[in-house]
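Here is what each chain is made of, one letter per residue.
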Amino acid sequence: MRPIQAELLSGRELYREVVLEKLLHARESVWIATANVKAMYVESKGRFVPLVEVLDGLAAKGLSLRLLHAELPSRPFRAAFDARARLVAGGLELKVCPRVHFKAVVVDGAWAYLGSANLTGAGLGAKGDAVRNFELGFVTEDFDVIDRVTALYEAVWSGAECRACKLRAVCPDPIIPAPTKKGGMRSSRGTARLGKARRLKRHTSEPRRR
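In the nomenclature of an unreviewed UniProt entry, the protein chain is known as Phospholipase of Myxococcus landrumensis.

(A) Summary view of helix H1 (residues 12-22). Buried residues of H1: Leu-14, Tyr-15, Val-18 and Val-19, and no others. On an axial view of H1, the arc spanned by its buried residues comes to 100 degrees, and they lie on one face. Here the buried face of H1 lies against strand E1 (6-10), strand E3 (41-44), strand E7 (103-107), strand E8 (111-115) and strand E9 (136-140).

(B) Main features of helix H3 (residues 75-82). Looking at H3, one finds that the buried residues are Phe-77, Arg-78 and Phe-81. Summarising the axial view, the buried residues of H3 lie within an arc of 100 degrees, below the 170-degree limit, and thus occupy one face. If you follow the buried residues of H3, they end up packed against helix H2 (51-60), strand E5 (64-69), helix H4 (85-91) and strand E6 (93-96).

(C) Spatial organisation of the UniProt feature "domain: PLD phosphodiesterase" (unreviewed entry) in the protein chain. When the UniProt feature table is mapped onto this chain numbering, "domain: PLD phosphodiesterase" (unreviewed entry) sits at residues 101-123. Between the C-alpha atoms that bound residues 101-123 there is a distance of 14 Å. The span itself is 0% helix and 43% strand.

(D) View of the pairing of E3. Burial along E3 is one-sided: Val-42 and Ser-44 are buried, while Tyr-41 and Glu-43, pointing the other way, are not. Here E3 pairs with strand E4 (residues 47-50) via 4 bridges, running antiparallel. Paired with Val-42 across the bridge in E4 is Val-49.

(E) Structural view of the pattern of salt bridges. In this structure the tally under the stated criterion is 8 salt bridges. Among the ionic pairs, Arg-2 bridges to Asp-142, the shortest N-O distance being 2.7 Å. Residue Arg-2 is located in the segment before E1, and its partner Asp-142 is located in the loop between E9 and helix H5 (143-157); the two are separated by 140 residues in the primary sequence. Judged by its relative accessible area of 43%, Arg-2 falls in the partly exposed class. In this structure, Arg-12 engages Glu-43 in a salt bridge whose closest nitrogen and oxygen atoms are separated by 3.5 Å. One end of the pair, Arg-12, is in helix H1; the other, Glu-43, is in strand E3, and 31 residues separate them in sequence. Given a relative accessible area of 23%, Arg-12 falls into the partly exposed group. Relative accessible area serves as the criterion here: at 29%, Glu-43 is assigned to the partly exposed category. Residues participating in the shared-partner salt-bridge network are Arg-47, Glu-53, Asp-56, Arg-84 and Arg-86.

(F) Quick look at the state of the cysteines. Throughout the structure, instances matching the rule amount to 0 disulfides. With no disulfide of its own, Cys-97 lies 6.1 Å from the sulfur of Cys-171, the closest cysteine sulfur.

(G) Representation of the nonpolar core. Ranked by size, the top nonpolar core spans 37 residues in total, and within it Leu-23, Tyr-113 and Leu-124 carry the most contacts. Looking at this core, the elements that each hand over two or more residues are H1, strand E2 (29-34), H2, E5, H3, E7 and E8. Here this core gets 6 residues from one element, more than from any other, and that element is H2. Excluding residues within four positions of it along the chain, Tyr-113 makes contact with Leu-14, Val-18, Lys-103, Ala-104, Val-105, Leu-124, Gly-137, Phe-138 and Val-139.

Parameters at a glance
- Residues numbered from 1 in each chain as written.
- Predicted model: local features only at pLDDT ≥ 70, side-chain atom pairs only at ≥ 80, totals over all residues.
- Heavy atoms only, no water.
- Buried < 20%, exposed > 50% of the residue type's maximum accessible area, 1.4 Å probe, protein only.
- Helix = DSSP H or I, 4+ residues; strand = E, 2+ residues; numbered from the N terminus.
- Arc of directions from axis to C-beta.
- Contact = heavy atoms within 4.5 Å.
- UniProt positions renumbered as here; feature names shortened; annotations may be inferred.
- Pairing = 2+ DSSP bridges.
- Salt bridge = Lys/Arg side-chain N within 4 Å of Asp/Glu carboxyl O.
- Disulfide = S-S within 2.5 Å.
- Core = buried A, V, L, I, M, F, W, Y, C linked by side-chain atoms within 4.5 Å.

Given below as C-alpha cells:
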C-alpha cells in the first residue's frame, strides 16, 4: 500500500470541486466515465445551463472530450446533444459499454475524481442539498492513480476488453465487432450509436425498465 495525497469529498462538495473548479476550467481534455447520464444543469457565468452547453463551449476551444457510459442517456440529454452540431460532429465523443460502473472525471490528464456520483443532477449536478444523492468520492493529482484510471478507461474505450467479454449479447453497440466463424469481423451496423460515427437510433418511446 502506497500513501497518496487526496481529498475526500461528499455531496455538494463534489459538484463544486469536480464541475465548477475543474471541469469548467479544463484547458486540454476532459474524460468522463459514468454508469448513468442525464441532462444535468450546472452554474456557468451567473446562470444555470445544461452541461452540454458547457461541453460545447469546451469543444469550441479544441479540447478533447470523451464520455464513456453504461446505458442509453436520458431523452432530455439526447435532445440537448442533438441540438449541438459541434458535439454531434465529434466535439464530444461517446461510447457505451454496459459493464462500465466506475465513475471518474479526468481533467487535462493531471487531475482525477473517483467516487460514487454519476453524471446526473443528483450526482455531480447542481441539485439542492435536500434532494441530491448521498455521494462520496476523492480527488487527487497523484500520477500513479491517474495512470491506472486512464489505463482502464483506454482499455474499454479502445475495445481491448471486447473480444473476451461475456456480455456481448446485451451490449447495444460493441466497440469491436464480434469475429465471424471464419475469423473475420462481423459488422455492427444498425446498432445504437451516438455522436460522430456512433449515432443513437431514434425511438418513439423509452425502453421499459425491469
